There are 2 protein chains.
Amino acid sequence: MPTDATHPTIHLEYPDWVDDVVDWERRYASDEEKMRLAIDVSRENVARGTGGPFGAAIFERESGRVAAVGMNSVVRANNCTLHGEMVAFMMAQQRVGSFTLRSPALPEHELFTSCEPCAMCLGAALWSGVRRVVCGAAREDASRLEFEEGPVFPESYRYLEDRGIAIEHNVLRDEARAVLELYRSTSGTIYNG
Amino acid sequence: MPTDATHPTIHLEYPDWVDDVVDWERRYASDEEKMRLAIDVSRENVARGTGGPFGAAIFERESGRVAAVGMNSVVRANNCTLHGEMVAFMMAQQRVGSFTLRSPALPEHELFTSCEPCAMCLGAALWSGVRRVVCGAAREDASRLEFEEGPVFPESYRYLEDRGIAIEHNVLRDEARAVLELYRSTSGTIYNG
């Protein structure tokens, strides 16, 4: 197969700074500790100029170990699908070698995201195999920055809940929102605007 | 940065057979020709055992040239996000070097998908920059195979239409559905079931 322009390759790695933020050995115990990691990822992504103000982290629910993190990588990767949650899903699944985190061989996983998921990420949450989605900032916090969230409705969340995914909102919302404001103040690209 | 298990890399290329199906020089003129390419991709993906029965193709609207194709790659890549449409978005954006196909420097693009998009892919269509989404098989055709489509509602489509994305349904629906049935008859993995 030729490797010309018609045959691109997609390649994604964490940015170098990830180990400055994530302690892979730590057991993150409370919801607040877990959310703070997602927010730390979002803040570092802005500070390092590697993407938009959105971070996510997936944990093994019982052990509190980090399975993966995700940082918005849309601009740096020229890829509209690489929201923070999506990167976290991809990285966690790559790590465990399965297209779902709900395999019987795996412990339960949960997603913490620094902002309520957009329509794409909420859909992906359903396919990812996470059992719980915990959100920091709210849709309207992102909308104030003119970040579109897409067709997410109250029944969208109910659809996931009906399929066994617990959803929680407003965990450390103020801290999460502060990163959105930081991004605005630094005139970051509103890439979905 | 260590390259241990905590730091996976995501890597994606087209399967080798893509050039057997796609004529990169051809100008695909009608909606039917364009949809037939998306369906051909879906069928070949089943025949070659490289994924689920879903294919997509993105075209430059006026010229009819293929910007990218996408084939469901969830199982082969251990990645729940790699539906056919998502692969097509990623490949098209990588090719043009932009996170959106709606750049002023680019011609208009349109997505043809062998089956109505799931919630994730419909959300991504909004971020992708395509101006038109044309669907083959319907949600209920996929549901009959127990492929979940997620929280997509009539107002989800309206949300996209309100933002300038034209949507069309049931183009070559029977041909597209036949590939779904082919997959069922070969006992393919229902990875989102």
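In this text, all values refer to a predicted model and were calculated from it rather than measured experimentally.

Turning our attention to helix H5 (residues 119–128) of chain B. Most of H5 of chain B sits inside the fold, with 10 of its 10 residues counted as buried. Taken as a whole, H5 of chain B has its buried residues at Ala 119, Met 120, Cys 121, Leu 122, Gly 123, Ala 124, Ala 125, Leu 126, Trp 127 and Ser 128 of chain B. Elements in contact with the buried residues of H5 of chain B: helix H5 (119–128) of chain A together with helix H4 (84–96), strand S4 (109–115), strand S5 (132–137) and helix H7 (154–162) of chain B. One or two positions beyond H5 of chain B, positive phi appears at Gly 129 of chain B, with a value near 95 degrees.

Turning next to the environment of Arg 26 of chain B. Residue and element names in this part refer to chain B. Locating Arg 26 in the fold gives a position in the loop between helix H1 (18–21) and helix H2 (31–47). When the 12 C-beta atoms within 10 Å are taken as the criterion, Arg 26 is described as exposed. Separated by 72 residues in sequence, Arg 26 and Ser 98 have C-alpha atoms that sit 23 Å apart.

Residue and element names in this part refer to chain A. With respect to the secondary-structure elements, Arg 102 resides in the loop between helix H4 (84–96) and strand S4 (109–115). Taking the C-beta count within 10 Å as the criterion, Arg 102 has 16 such neighbours and is therefore assigned partly exposed. Through-space distance from the C-alpha of Arg 102 to that of Trp 127 is 9.4 Å; in sequence the pair is 25 residues apart.

Attention now moves to the pairing of strand S2 (residues 55–60) of chain A. All names here are of chain A. Counted residue by residue, S2 has 5 buried out of 6 residues, so it is predominantly covered. Bridge count between S2 and strand S3 (residues 66–71): 5 bridges; the pairing is antiparallel. In the strand pairing of S3, Phe 59 is matched with Val 66. Here S2 folds back onto S3 in antiparallel fashion, the turn holding 5 residues, of which Gly 64 has a positive phi close to 80 degrees. The pairing of S2 with S4 spans 5 bridges and is classified as antiparallel. Paired with Glu 60 across the bridge in S4 is His 109.

Core analysis: the largest hydrophobic core is formed by 132 residues, its most contacted members being Ala 57 and Ala 88 of chain A together with Ala 57 and Ala 88 of chain B. Beyond its immediate sequence surroundings of up to four residues, Ala 57 of chain A is in contact with Lys 34, Leu 37, Ala 38, Val 41, Val 66, Val 69, Ala 88 and Phe 112 of chain A.

This next bit is on the packing of H2 of chain B against helix H8 (residues 173–185) of chain B. All names here are of chain B. In the contact formed by H2 and H8, the axes pass within 9 Å of each other and the chain directions differ by 10 degrees. One way to sum up the angle between H2 and H8 is to call them roughly parallel. Where H2 abuts H8, its residues Ile 39, Ser 42, Arg 43 and Val 46 lie against Glu 175, Ala 176, Val 179, Leu 182 and Tyr 183. Of the residues that constitute the contact of H2 with H8, the class distribution is 6 nonpolar, 1 polar and 2 charged.

Criteria and thresholds
- Residues numbered from 1 in each chain as written.
- Chains lettered and ligands numbered in written order.
- Predicted model: local features only at pLDDT ≥ 70, side-chain atom pairs only at ≥ 80, totals over all residues.
- Buried ≥ 20, exposed ≤ 12 C-beta atoms within 10 Å, placed from the backbone.
- Helix = DSSP H or I, 4+ residues; strand = E, 2+ residues; numbered from the N terminus.
- Contact = placed C-beta atoms within 7 Å.
- Pairing = 2+ DSSP bridges.
- Core = buried A, V, L, I, M, F, W, Y, C linked by C-beta atoms within 7 Å.
- Axes fitted to C-alpha atoms, helices over the stretch in contact; angles between N-to-C directions.
- Parallel < 35°, antiparallel > 145°, perpendicular 65-115°, else oblique.
- Nonpolar A, V, L, I, M, F, W, Y, C, P; charged D, E, K, R; others polar.

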